[in-house]
Amino acid sequence: MQIGIIGLGRMGGNITRRLMKAGHKCVVFDVNAKAREGLAKDGAVDAGALEDMVKKLSEKPRALWVMLPAGKITEDTVKHLGGLLEPDDIIIDGGNSFYKDDIRRAKELAAKRIRYVDCGTSGGVWGLERGYCMMIGGPKDAVDHLDPIFSALAPGLGNIPRTPDRGKGDPRAEQGYIHAGPSGAGHFVKMVHNGIEYGLMQAYAEGFDILRNKDSKDLPAAERFTLNMPDIAEVWRPVEAAIEESVPANVLTTALYTRFRSRQDHTYGEKMLSAMRFGFGGHVEGAETMDPKPGATAKTKG
């Protein structure tokens, strides 16, 4: 299948490579000529502008995947494409756009009979090898037409145990992608997915920050413990734990933690959170390393 890819950053470039590896034909565009040239060496067709891309997409209906940062650049690109494409052509936004923007764009493009698909894409820098989990919104006919693309990008069954009694469910979910619903549904599901992921990382960061500071000089000497963070992480790694008590005190807790936070620069938990961001999505931050003791000043390049 032929597809245009707009935006050749870490994810857009690897999406292109994974699709070509599966036999799909990719026409690519990015304002960075070197990014286009690098993929052209791998077999992609280089387009110097969006107008050029549309001309080089000979298979109809055309499909164009926009992989750009959410916001103005994606908004302008989708609007520009709306003036270039023909009825039945498909625009896919694979970035992190706000789902209400998807609903609006789909309505505007529908007036021109151009189909719009929003695709929440998760996989980070490891997607080329592992595949991408995708949460897709849009008209069924467009999503079904694009199934060879989504199937090629998805991770597949892998080697994890299969969920019992999935026989009656949509088989695509086991492969790592779903048609979540109408326009906006894909990015809405991805938005909640991101919130859960960030919440989990934040919980680990806060928990380890509490453990790390159990030897604080502000505590009575008999209540101070010097705990081994790597050993605790290792012993927790294969264990599933449940919170036995939960008494919410959100306002009081936030006020107290804000006071504690004002006394510190970069906490151990924040440094751990930075490391987890790299582990989840390959996001490199130029922060201090997690020093072994409070007050250490060792730094490293992000």
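Let us look at the structure shown here. Sequence order as written defines the numbering, with residues in each chain counted from 1. Selection of residues for local features in this predicted model requires a pLDDT of at least 70, selection of side-chain atom pairs for listing and counting requires 80 or more, and totals for whole chains, interfaces and linings are taken over all residues. Values shown for side chains rest on all heavy atoms present in the structure; no hydrogens or waters enter the calculation.

So, on to the overall build of the protein. We count a stretch as a helix when DSSP gives it H or I for four or more residues in a row; a strand needs E for two or more, and each element gets its number in order from the N terminus. Of regular secondary structure, the protein possesses 13 helices and 8 strands. Put simply, the protein has 302 residues, and 36% of those count as buried. When checking whether two residues touch, look at their non-hydrogen atoms; a contact exists if any pair is within 4.5 Å. In the protein, the proportion of contacts linking residues at least 24 apart, taken out of those at least 6 apart, comes to 61%. Using a 1.4 Å probe, accessible areas were evaluated by the Shrake-Rupley method; residue-level cover was limited to the displayed protein chains. With an accessible surface of roughly 17,800 Å², the protein has 57% of that area assigned to carbon and sulfur atoms. The cut-offs for exposure are 20% and 50% of the maximum accessible area for each residue type, with area from a 1.4 Å probe on protein chains only; residues under the lower value are buried, those over the upper are exposed, and the others partly exposed.

Attention shifts here to the nonpolar core. Only buried residues count toward a nonpolar core, which is a set of Ala, Val, Leu, Ile, Met, Phe, Trp, Tyr and Cys residues joined through side-chain atoms within 4.5 Å. Within the largest apolar cluster, 29 residues are counted, with the highest numbers of intra-cluster contacts made by Ile-3, Leu-19, Trp-65, Ile-92, Val-117, Met-134 and Phe-150. Not counting residues up to four positions away in its chain, the partners in contact with Phe-150 are Trp-65, Val-117, Cys-119, Met-134, Ile-136, Val-143 and Tyr-177. One finds Leu-50, Val-54, Leu-109 and Ile-114 within the second-largest nonpolar core, a separate group that totals 19 residues.

To describe two helices that pack against each other, one gives the angle between their axes and the distance between the axes. At a closest axis distance of 11 Å, the pairing of helix α4 (residues 72-82) and helix α5 (residues 99-110) adopts a crossing angle of 15 degrees. In terms of their interaxial angle, α4 and α5 are classed as roughly parallel. Here α4 and α5 pass one another in a crossing that is right-handed. Every residue of α5 that contacts α4 at Thr-74, Glu-75, Val-78 and Gly-82 is listed here: Arg-104, Arg-105 and Leu-109. Along the lines of polarity and charge, the residues of the contact of α4 with α5 split into 2 nonpolar, 2 polar and 3 charged. The angle between two axes is taken between their N-to-C directions and runs from 0 to 180 degrees, where each axis is a line fitted to C-alpha atoms and a helix contributes only its stretch in contact. Working rule for angles: under 35 degrees goes down as roughly parallel, over 145 as roughly antiparallel, 65 to 115 as roughly perpendicular, anything else as oblique. By definition, turning the near helix anticlockwise from the far helix through less than a right angle yields a left-handed crossing, and turning it clockwise yields a right-handed one. The residue classification treats Ala, Val, Leu, Ile, Met, Phe, Trp, Tyr, Cys and Pro as nonpolar and Asp, Glu, Lys and Arg as charged. All others, Gly included, are polar.

Here a Phe, Tyr or Trp ring, Trp counted by its six-membered ring, pairs with any other such ring whose centre lies within 6.5 Å, and the pair is stacked when the planes are under 30 degrees apart, edge-to-face when over 60, and tilted otherwise. For the structure on display, the rule yields 4 aromatic pairs. Joined through ring pairs, the aromatic side chains of Trp-65, Phe-150 and Tyr-177 make up one cluster.

Within strand β2 (residues 25-29), 4 of the 5 residues are buried, leaving the element largely enclosed by the surrounding structure. Strand pairing is defined by DSSP finding a minimum of two bridges between the two strands. In terms of strand pairing, strand β1 (residues 2-6) meets β2 through 5 bridges, oriented parallel. By the bridge assignment, Ile-5 is partnered in β2 with Val-28. Each parallel crossover has a hand, and the one from β1 via helix α1 (residues 10-21) to β2 is right-handed. As paired strands, β2 and strand β3 (residues 45-46) are joined by 2 bridges and run parallel to one another. Within β3, the residue paired with Val-27 across the bridge is Val-45. Read from β2 through helix α2 (residues 33-41) to β3, the crossover connection turns out right-handed. Orienting the strands away from the viewer, one traces the path from the first strand over the helix to the second; a clockwise path indicates a right-handed crossover.

Attention now goes to a nonpolar patch on the surface. Among the surface-exposed residues, Phe-98, Phe-188, Val-189, Met-191, Val-192, Ile-196 and Leu-200 lie close enough to one another that they form a single nonpolar patch of about 590 Å² accessible area. Topologically, Phe-188 is positioned in helix α10 (residues 185-212). Put simply, a patch holds well-exposed residues, over 30% relative accessible area, that have no salt bridge, with like charges counted together within 9 Å and Val, Leu, Ile, Met, Phe, Trp or Tyr side chains within 5 Å. Throughout this description, the term salt bridge denotes a Lys or Arg side-chain nitrogen within 4 Å of a carboxyl oxygen of Asp or Glu.

Turning to unusual backbone geometry, a few remarks are in order. In this structure, the amide linkage connecting Lys-60 to the following residue, Pro-61, adopts the cis form with an omega of 0 degrees. By the element assignment, Pro-61 lies in the loop between α3 (50-56) and β4 (63-66). For Asp-88, which is not glycine, the phi dihedral falls at a positive 85 degrees. As for its placement among the helices and strands, Asp-88 is situated in the loop between α4 and β5 (90-93). One non-glycine residue, Arg-113, lies in positive phi territory at about 65 degrees. Under the relative-accessibility criterion, Arg-113 is labelled exposed at 53%.

Each α-helix turn comprises 3.6 residues. Residues three or four places apart therefore point the same way. One fewer than the residue count of a helix, multiplied by 1.5 Å, yields its expected span. For α5, spanning 12 residues, the distance from its first C-alpha to its last is 16 Å, which sits close to the expected 16 Å at 1.5 Å a residue. Listing the buried residues of α5 in full gives Asp-102, Arg-105, Ala-106 and Leu-109. Around the axis of α5, the buried residues are gathered within 100 degrees of arc, so they sit on the same side. In this context, the arc is that of the directions from the helix axis out to the C-beta atoms.

These figures come from the coordinates and say nothing about function on their own.
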